[in-house]
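A structural walkthrough
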Amino acid sequence: MIKVAAAVIVSEGKILAAKRKNERLGGGFWEFPGGKLEPGETPKQACQREVAEELGDQCEVLERIDVSRHFETPYGELEIDFFWTKLKTYNLKLVAASEYRWLTPEQLESVTWLKPSEPVLEVIKQTDLRKFE
Ligand SMILES: Nc1nc2c([nH]c(=O)n2[C@H]2C[C@H](O)[C@@H](COP(=O)(O)OP(=O)(O)OP(=O)(O)O)O2)c(=O)[nH]1
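Report on the accompanying structure. All figures in this text were calculated on a predicted structure; none of them were measured in a lab.

**Quick look at the overall build of the protein**
A tally of regular secondary structure across the protein gives 2 helices and 8 strands. Of the regular secondary structure in the protein, the N- to C-terminal order runs β-β-β-β-α-β-β-β-β-α. Relative to a compact globule of 133 residues, whose C-alpha radius of gyration would be 14 Å, the protein shows 14 Å and is just as compact. A principal-axis box enclosing the C-alpha atoms of the protein has dimensions of 35 × 30 × 30 Å. Burial analysis of the protein (133 residues in total) assigns 47% to the buried set. Once local pairs closer than 6 in sequence are excluded, the contacts in the protein between residues at least 24 apart make up 68%. Roughly 7,100 Å² of accessible area belongs to the protein as shown, and the carbon and sulfur atoms make up 48% of that amount. Here the protein holds 19 positive side-chain charges and 23 negative ones, and the gap between their average locations is 2 Å.

Below, the structure written as structure tokens:
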């Protein structure tokens, strides 16, 4: 079982979408920044570390998003925890991503997401993002 934590980053009513670099597994598809847990880490800690590594930014990891977390993929069984997250800094370095886009809930489907991320889009659309401001 591969455990993953991902950050659903909210700012001014928009969500940060990241396009995976082409050479990575799932390259070209869009995702929420994140990655695999390291030994001994909680999902929240992993989320914070991945944002620091991939964006070069500090963040505040808020609550877990209540959405399915188990996925069967061609590359194995995944357990993904998605967290509402706020950035404290905005370096937005392109380390794992080739491009970032800030999308409104209505624009989320303008990009093609990794399949396991799709249920999160529905939750975002049903959430009043102003509560994170
Ligand atoms: N970060 C992230 N990963 C996702 C999402 N949806 C989804 O299916 N995944 C999958 C893709 C990968 O199989 C796995 C994340 O692992 P990863 O490859 O990004 O891991 P990592 O950053 O630790 O880096 P590495 O193994 O490439 O060095 O989770 C998502 O929205 N965000």
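The discussion continues.
**A word on the nonpolar core**
Counting residues in each nonpolar core, the largest one holds 25 residues, and the members touching the most others are Val8, Ile15, Phe32, Phe82, Trp84, Trp113 and Ile124. Elements with a minimum of two residues in this core: strand E1 (2–11), strand E2 (14–20), strand E7 (76–87) and helix H2 (118–125). Apart from the residues lying within four places of it in its own chain, the contact partners of Ile124 are Val8, Ile15, Phe32, Trp84, Pro105, Leu108 and Leu129.

**So, the site of the ligand**
For the ligand, the set of nearby residues contains 19 residues, the closest of which are Arg24, Phe32, Lys36, Pro116 and Ser117. One of the side-chain nitrogen or oxygen atoms of Arg20 is found 3.2 Å away from an oxygen atom of the ligand. Its free accessible area being 620 Å², the ligand has 79% of it covered by the protein chains. Mapped onto the shell around the ligand, the elements with two or more residues apiece are E1, strand E4 (34–36), helix H1 (43–55) and E7. When grouped by side-chain class, the residues that make up the shell around the ligand number 10 nonpolar, 3 polar and 6 charged.

**Describing the pattern of salt bridges**
Applying the stated criterion to the full structure yields 14 salt bridges. A salt bridge links Arg24 to Glu31; its shortest N-O distance comes to 3.7 Å. With a closest N to O distance of 3.2 Å, Glu53 and Arg49 form a salt bridge. Here Arg49 and Glu53 lie together in helix H1, a separation of 4 residues that amounts to about one turn. A single network of salt bridges, built from pairs that share partners, joins Glu38, Glu41, Arg49, Glu50 and Glu53.

**Here we look at H1**
Compared with an ideal rise of 1.5 Å per residue, which puts 13 residues at 18 Å, H1 spans 18 Å between its outermost C-alpha atoms and is within 8% of the ideal. Residues Ala46, Cys47, Arg49, Glu50, Val51, Glu54 and Leu55 constitute the buried set of H1. Residues of H1 that are buried sit in contact with E1, E2, E4, strand E5 (59–64), E7 and strand E8 (97–103). Following H1 by one or two positions, Gly56 adopts a phi angle in the positive range, close to 75°.

What counts and how
Residues numbered from 1 in each chain as written. Predicted model: local features only at pLDDT ≥ 70, side-chain atom pairs only at ≥ 80, totals over all residues. Heavy atoms only, no water. Helix = DSSP H or I, 4+ residues; strand = E, 2+ residues; numbered from the N terminus. Rg over C-alpha atoms; globule rule 2.2 N^0.38 Å. Buried < 20%, exposed > 50% of the residue type's maximum accessible area, 1.4 Å probe, protein only. Contact = heavy atoms within 4.5 Å. Areas by Shrake-Rupley, 256 points an atom, 1.4 Å probe, with all protein chains shown as cover. Lys, Arg positive; Asp, Glu negative; His and termini not counted. Charge placed at Lys NZ, Arg CZ, Asp CG, Glu CD. Core = buried A, V, L, I, M, F, W, Y, C linked by side-chain atoms within 4.5 Å. Near = heavy atom within 4 Å. Polar contact = N/O pair within 3.5 Å; in protein donor to acceptor, adjacent residues only side chain to side chain. Nonpolar A, V, L, I, M, F, W, Y, C, P; charged D, E, K, R; others polar. Salt bridge = Lys/Arg side-chain N within 4 Å of Asp/Glu carboxyl O. Expected span 1.5 Å × (residues − 1).

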